[in-house]
Every structure is written in C-alpha cells, then in structure tokens.
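# Geometric and topological summary
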Amino acid sequence: MNRSQAAGAAPLPVLYSFRRCPYAIRARLALRQAGIACELREVVLRNKPAAMLELSPKGTVPVLALPAAVLDESLDIMRWALTQRDPDGWLAADPGATEQLIAANDGAFKRALDRYKYPDRYPDADRAVALAECERFVADLDRRLTGRAGLVAPQPSLADFALLPFVRQFALVDREWLRASPYAALRGWLNAFLDSPLFAAIMHKYEPWQPGAAGVVF
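Residues numbered from 1 in each chain as written. Predicted model: local features only at pLDDT ≥ 70, side-chain atom pairs only at ≥ 80, totals over all residues. Heavy atoms only, no water.

Broken down by element type, the protein carries nine helices and six strands. Taken over C-alpha atoms, the radius of gyration comes to 18 Å for the protein, in line with the 17 Å a tight globule of 218 residues would show. Summarising its shape, the C-alpha atoms of the protein cover approximately 55 × 40 × 30 Å along the three principal directions. Counting every position in the protein, which comprises 218 residues, the buried fraction comes to 45%. Taken as a whole, the protein presents about 10,900 Å² of accessible surface, with 52% of it coming from carbon and sulfur. Both charge centroids of the protein, one from 27 positive and one from 24 negative side chains, sit 4 Å from each other. (Helix = DSSP H or I, 4+ residues; strand = E, 2+ residues; numbered from the N terminus. Rg over C-alpha atoms; globule rule 2.2 N^0.38 Å. Buried < 20%, exposed > 50% of the residue type's maximum accessible area, 1.4 Å probe, protein only. Areas by Shrake-Rupley, 256 points an atom, 1.4 Å probe, with all protein chains shown as cover. Lys, Arg positive; Asp, Glu negative; His and termini not counted. Charge placed at Lys NZ, Arg CZ, Asp CG, Glu CD.)

See below:
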C-alpha cells in the first residue's frame, strides 16, 4: 500500500531505505512478507538525513526505528519482522545451515562481488579473480538448488531471501554471463524471485524523503 499515513493514526515504525541497496531490499522483503506497515523514508546516500544519523551514526541503510528500539542491521530487521509473523515459515529452516550460508554470502561473496562489480573502486584487485570467487559461490548455490526450491530447505526460507538481493546484484553486472552459464537451477531460482509479486511490491520507486514531508506507508 502506497499512501500517506492517516492523520491521528498511531505512529508506525520508520524505515530508512535505499531502493537498490541489497541490505535494504532484505529488510523490505521481510517487512512486506510479515505484513508490517511502516513509514518508508527513501534516502539519498550522498545526502543522508540528520534524523537517520541521529538514530544510527554509522550512516548505512536500512535503519528501522521502533517505539522501543532501533535496528540498523538488515538481518536483525528480517528476524524481528518474521518473529512478529512468518506466514510461509521462513524461520523454520535449519538455523545452523542458514547462519552459515548467510555468513558466507555477507563475507567472502560480498567482498568478491564488490571487486567484480566496482573495479574502479578496487584498482589493485584482479577482476577475473573476483569473478572466479563469485562463480565458486554461485556454483554451490546451484548445487543446493538442484531438485528443490530452497537453499537450505525444500522451500525458500530466510537464507534464500537474505541472499537473493546479492545474487541479483551479481547477475546484473553481466546478464549474458549468467544466461550462458551452466547454472540452470540458480537461474530458475533467481528468475522466480524477480518475477514474484513480493519483489515487485518492494521495488516501487519513491521520491527521496525530506524532513517535514508526509511519510509514505509501505
């Protein structure tokens, strides 16, 4: 739902987000899946609002301001949202396997992805080496997905939705590379996500938030 918050309504959680950031995509996915309405404030990263920096001085998105807490890590937001409501059992998958896979994504894969996607930022890095590291990771994901819909469970779970925004980012660097790759299970998994109503719902474009502006209910 995209509308201004009704006057007199109880304050909603406030989410500071940036549409293309994979960490922010994670948070929006879980919030939408859990059916939790919030006031979304789209951030311009080169001009971060003072209100966000007061809540989280580290200055990264997403930031979720709750009545009694501030969550400024994407996984914390995902888990909080799904603890409120988890209609498809995203949290039911093996927690150990889930944590291990997310750690690999957020660690070695994200490091290699940055060096592959942004070679100008890492002039001392070998882009071909970075791609090879990324490929080892996506090859493992493809193996996991062969014959089933989820990475650590028969159906997609927290691990899938935590990783999908990063695999999407990888795929966007060179779409033809992935099309020509042997990773059919991975392509099907990614395409199902990109074609889903859930993904469409959380990727709507909003104007950057300005202090004093009416909030957009997400």
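Our focus in this paragraph is the pattern of salt bridges. Considering all chains together, one arrives at eight salt bridges under this definition. One salt bridge in this structure joins D114 and K110, with 2.8 Å as the shortest N-O distance. With D114 and K110 both in helix α4 (residues 95-117) and four residues apart, this pair spans about one turn of that helix. Classification of D114 by relative accessible area gives buried; the value is 14%. (Salt bridge = Lys/Arg side-chain N within 4 Å of Asp/Glu carboxyl O.)

Right, let's talk about the packing of helix α1 (residues 22-34) against helix α6 (residues 158-173) for a bit. At a minimum axis distance of 9 Å, the contact between α1 and α6 shows a crossing angle of 140 degrees. As for how α1 packs across α6, the hand of that crossing is right-handed. Where α1 approaches α6, its residues P22, Y23, I25, R26 and L29 are matched on the opposing element by F161, A162, P165, F166, R168 and Q169. Here the contact of α1 with α6 is built from residues that sort into eight nonpolar, one polar and two charged. (Axes fitted to C-alpha atoms, helices over the stretch in contact; angles between N-to-C directions. Left-handed = near helix turned anticlockwise from the far one by under 90°. Contact = heavy atoms within 4.5 Å. Nonpolar A, V, L, I, M, F, W, Y, C, P; charged D, E, K, R; others polar.)

Time to look at the nonpolar core. It is characteristic of soluble globular proteins that their nonpolar side chains tend to be buried jointly. Counting residues in hydrophobic clusters, the biggest one holds 58 residues, and the most contacted among them are L31, L163, L186 and W189. Elements that contribute at least two residues to this core include exactly α1, α3 (74-84), α4, α5 (127-145), α6, α8 (184-194) and α9 (197-202). Considering every element that reaches this core, the biggest residue donor is α6, with 10 residues. Counting residues in each nonpolar core, the second largest holds 11 residues, with V14, C21, V43 and M52 among its members. (Core = buried A, V, L, I, M, F, W, Y, C linked by side-chain atoms within 4.5 Å.)

Applying the stated criterion to the full structure yields 10 aromatic pairs. Taking the centre distance of 5.6 Å and the plane angle of 45 degrees together, the rings of Y116 and F170 count as tilted. Of this pair, Y116 sits in helix α4 while F170 sits in helix α6, placing them 54 residues apart in sequence. You can call Y116 buried: its relative accessible area is 3%. By relative accessible area, F170 is classed as buried at 2%. Consider the rings of F170 and W177, whose centres lie 5.5 Å apart with planes at 80 degrees: the pair is edge-to-face. For R32, the ring lying beneath its charged end belongs to F218, and the centroid distance is 4.6 Å. Positioned above the aromatic ring of Y118, the side-chain terminus of R121 is 3.8 Å from the ring centre. (Phe/Tyr/Trp six-rings, centres within 6.5 Å; stacked < 30°, edge-to-face > 60°. Lys NZ or Arg CZ within 6 Å of the ring centre and 35° of its normal.)

Turning our eyes to something else, we now look at the environment of W80. Inspection of the secondary structure assignment puts W80 in helix α3. Residues W80 and R144, spaced 64 residues apart in sequence, show a C-alpha to C-alpha distance of 27 Å. If we skip the residues at most four places from it in the chain, W80 touches L31, I36, L64, L66 and L71.

This part covers the pairing of strand β2 (residues 14-17). Every second residue of β2 is oriented toward a common face, with V14 and Y16 on one face and L15 and S17 on the other, all of them buried. Where the polypeptide runs from β2 across α1 and back to strand β3 (residues 39-42), its parallel neighbour, the crossover connection is right-handed. The sheet contact formed by β2 and strand β4 (residues 63-65) spans three bridges and is antiparallel. Each residue of the ladder has a partner; that of Y16, found in β4, is V63. (Right-handed = clockwise from strand over helix to strand, strands pointing away. Pairing = 2+ DSSP bridges.)

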